Amino acid sequence: MLVLRLLNVIAPAYFLCISLVTFVLQIFLFIPSMFRDPSTTPLFSPALLHGALFLFLSANALGNYVLVIQSSPEDLGKGLNLGEGAEVVADWLDGSRSPGSALPSTHFCRLCARVTQRHDHHCFFTGNCIGSRNMRNFIMFCLYTSLACLDSLVAGMAYISAALSMSFANPLAFLTLLPHSISQFFSGALLSSEMFVILMLYLWLGIGLACAGFCCHQMLLILRGQTRYQVRKGIVVRARPWRENLQEVFGKRWLLGLLIPVLNVGSDYRRQKVK
C-alpha cells in the first residue's frame with residue numbers, strides 16, 4: 001500500500017513535468033525553427049498553424065486533466081448505512097459488492113478511501129478514481145494527450161531532420177536513430193540539446209500509443225455498457241443499445257465536450273433516466 005500511495009504522488013508529478021518540458025520545447029525550439037523558412041507567408045506560416053494546433057490540443061488535454069480531478073466521484077459511503085462489524089467492513093475493503101443497503105456497481109478504493117459508483121479504475125496519473133462522474137473527461141484527456149504527443153513527435157522529427165540534415169522517409173531511420181545518436185553523443189559529435197530532443201521523441205511515441213490504446217479500450221467498454229472493474233470481477237451487466245451507453249457517458253451535447261473542456265456534459269441523460 002505504501003508503494004501505491006507513493007506512486008499516486010509520483011505519477012501526477014511525472015505527467016506535469018513531461019507537459020512542462022513539451023510546452024517549453026514547442027514554444028522555444030520547434031515553433032521558432034519553423035519561422036526560418038523564407039518561402040512561407042507570415043499569415044499562414046507553418047509555425048502559426050502548428051502553434052495554434054498545439055495550443056488547442058494542450059488546452060484540451062490539461063483542461064480535461066483538471067476536470068477529471070475536480071469532478072472526482074463522490075463518496076457514497078457517507079450517505080449509506082454500511083452497518084457494523086468486521087465482516088461488513090471487509091466486504092467493502094476487498095472491493096466486492098456491499099451487502100445490505102449499499103448500491104450495486106460500487107467499489108471501495110483504498111487509495112482514495114471512498115466508495116464510488118460505477119467504479120472503473122484508479123488512475124495514478126491523476127491521483128483519482130475514474131467513475132460515472134468523470135469518465136467522459138478522462139476519455140477526452142487520453143484522446144488529446146495522444147494527439148498532443150503525436151503533434152510533438154512530428155514537430156520534433158522535423159526539427160531533428162533539419163538540425164542533423166537527415167531524412168525520415170525510410171522507416172528504419174527512426175528505429176536506428178536512438179542507438180546512432182547515443183554513439184554520436186558520447187563521441188562528442190551530437191549536442192546535448194539535440195540528444196535530449198531525440199530522447200523525447202521516443203517518450204512522446206510511447207505515451208501517445210499508450211494513451212491512444214487506453215482510449216480505444218475504454219470506448220469499447222462504454223459501447224458494451226461495462227467498466228473495467230466489472231470486467232475484472234466478472235459482473236454481468238444488462239445489455240443495452242450501444243447508443244444509450246454512449247449517451248450515458250457523453251450526453252446529447254457531446255460535440256461541445258469534444259471541442260472544449262467542460263464539466264458534466266454527460267449527466268443530463270442519466271438524470272432523465274433516473275426520473
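What comes next is a walk through the structure.

Thresholds applied
Residues numbered from 1 in each chain as written. Predicted model: local features only at pLDDT ≥ 70, side-chain atom pairs only at ≥ 80, totals over all residues. Heavy atoms only, no water. Helix = DSSP H or I, 4+ residues; strand = E, 2+ residues; numbered from the N terminus. Buried < 20%, exposed > 50% of the residue type's maximum accessible area, 1.4 Å probe, protein only. Contact = heavy atoms within 4.5 Å. Areas by Shrake-Rupley, 256 points an atom, 1.4 Å probe, with all protein chains shown as cover. Patch = residues over 30% accessible without salt bridge, like charges linked within 9 Å, V, L, I, M, F, W, Y side chains within 5 Å. Salt bridge = Lys/Arg side-chain N within 4 Å of Asp/Glu carboxyl O. Phe/Tyr/Trp six-rings, centres within 6.5 Å; stacked < 30°, edge-to-face > 60°. Axes fitted to C-alpha atoms, helices over the stretch in contact; angles between N-to-C directions. Parallel < 35°, antiparallel > 145°, perpendicular 65-115°, else oblique. Left-handed = near helix turned anticlockwise from the far one by under 90°. Nonpolar A, V, L, I, M, F, W, Y, C, P; charged D, E, K, R; others polar. Pairing = 2+ DSSP bridges. Expected span 1.5 Å × (residues − 1). 1 Å grid on protein atoms, 1.4 Å probe; cavity = no way out; pocket = protein on both sides within 12 Å on 5 of 7 lines; lining within 4 Å. Points joined across faces, edges and corners; volume = space filled by probe spheres on them.

Before going further, it helps to examine the overall build of the protein. A count of helices and strands for the protein gives 11 helices and four strands. Per-residue burial over the protein gives 40% buried out of 275 residues. Within the protein, counting contacts between residues at least 6 apart in sequence, those at least 24 apart form 63% of the total. Put simply, the protein shows about 15300 Å² of open surface, and 68% of that area lies on carbon and sulfur atoms.

The next subject is a nonpolar patch on the surface. Judged by side-chain polarity, Leu53, Phe56, Trp254, Leu255, Leu256, Leu259 and Ile260 come together as a nonpolar surface patch covering roughly 650 Å² of accessible area. If you list the elements that add at least two residues to the nonpolar patch, you get helix H2 (46–70) and helix H10 (254–259). Sort the elements by how many residues they give to the nonpolar patch and H10 lands first, with four residues. Looking at the element boundaries, Leu255 is found in helix H10.

This part covers the packing of aromatic side chains. As enumerated under the stated definition, the model contains 13 aromatic pairs in all. Between Phe185 and Phe186, the aromatic rings sit 5.4 Å apart at their centres with planes inclined by 75°, giving edge-to-face as the arrangement. Note on Phe186: relative accessible area 70%, which makes it exposed.

A separate point is the packing of H2 against helix H4 (residues 135–164). Packing of H2 against H4 leaves a shortest axis separation of 8 Å and a crossing angle of 150°. Put simply, H2 runs roughly antiparallel to H4. Note on packing geometry: the crossing formed by H2 with H4 is left-handed. Across the interface between the two elements, His50, Leu53, Phe54, Phe56, Leu57, Asn60, Ala61, Asn64, Tyr65, Leu67 and Val68 of H2 pack against Asn137, Phe138, Met140, Phe141, Tyr144, Thr145, Leu147, Ala148, Asp151, Ser152 and Ala155 of H4. When grouped by side-chain class, the residues that make up the contact of H2 with H4 number 15 nonpolar, six polar and one charged.

Successive side chains on a regular strand alternate, one facing one side of the sheet and the next facing the other. Across the two faces of strand E1 (residues 106–109) the burial is the same, with Thr106 and Phe108 and His107 and Cys109 all buried. Looking at chain direction, E1 and strand E2 (residues 114–117) are connected through four bridges and run antiparallel. Residue His107 lies in a different strand from E2, and its bridge partner there is Thr116. Where E1 folds back onto E2 in an antiparallel hairpin, the turn is made up of four residues, including Ala113, whose phi is positive at roughly 55°.

On to the packing of helix H7 (residues 192–224) against helix H9 (residues 242–250). In the contact formed by H7 and H9, the axes pass within 7 Å of each other and the chain directions differ by 120°. Relative to H9, the element H7 lies oblique. Here Met219, Ile222, Leu223 and Arg224 of H7 lie close against H9, whose contacting residues are Trp242, Asn245, Leu246, Val249 and Phe250. Broken down by class, the residue content of the contact of H7 with H9 amounts to seven nonpolar, one polar and one charged.

In this section: the environment of Ile130. By the secondary structure assignment, Ile130 is in strand E4 (residues 128–130). Take Ile130: its relative accessible area is 0%, and that puts it in the buried class. Once the C-alpha coordinates of Ile130 and Thr116 are considered, the two residues, 14 residues apart in sequence, prove to be 8.7 Å apart. Ignoring any residue separated from it by four or fewer positions in sequence, one finds Ile130 in contact with Val68, Pro73, Arg118, His119, Asp120, His121, Cys123, Met135 and Phe138.

For helix H1 (residues 2–34), with 33 residues, the first-to-last C-alpha span of 47 Å sits near the 48 Å given by 1.5 Å per residue. Structurally, H1 contributes buried residues whose contacts are with H2, strand E3 (121–123), E4, H4 and H7.

As a further point, take empty space enclosed by the protein. Tallied over the entire structure, the rule returns one cavity of 30 Å³ or more. In this model, the largest cavity occupies a volume close to 180 Å³. Lining the largest cavity are 16 residues; nearest its centre among them are Arg118, Met135, Ile222, Thr227 and Val249. Those elements giving two or more residues to the lining of the largest cavity turn out to be H7 and H9. Among the residues forming the lining of the largest cavity, the class breakdown is four nonpolar, seven polar and five charged.

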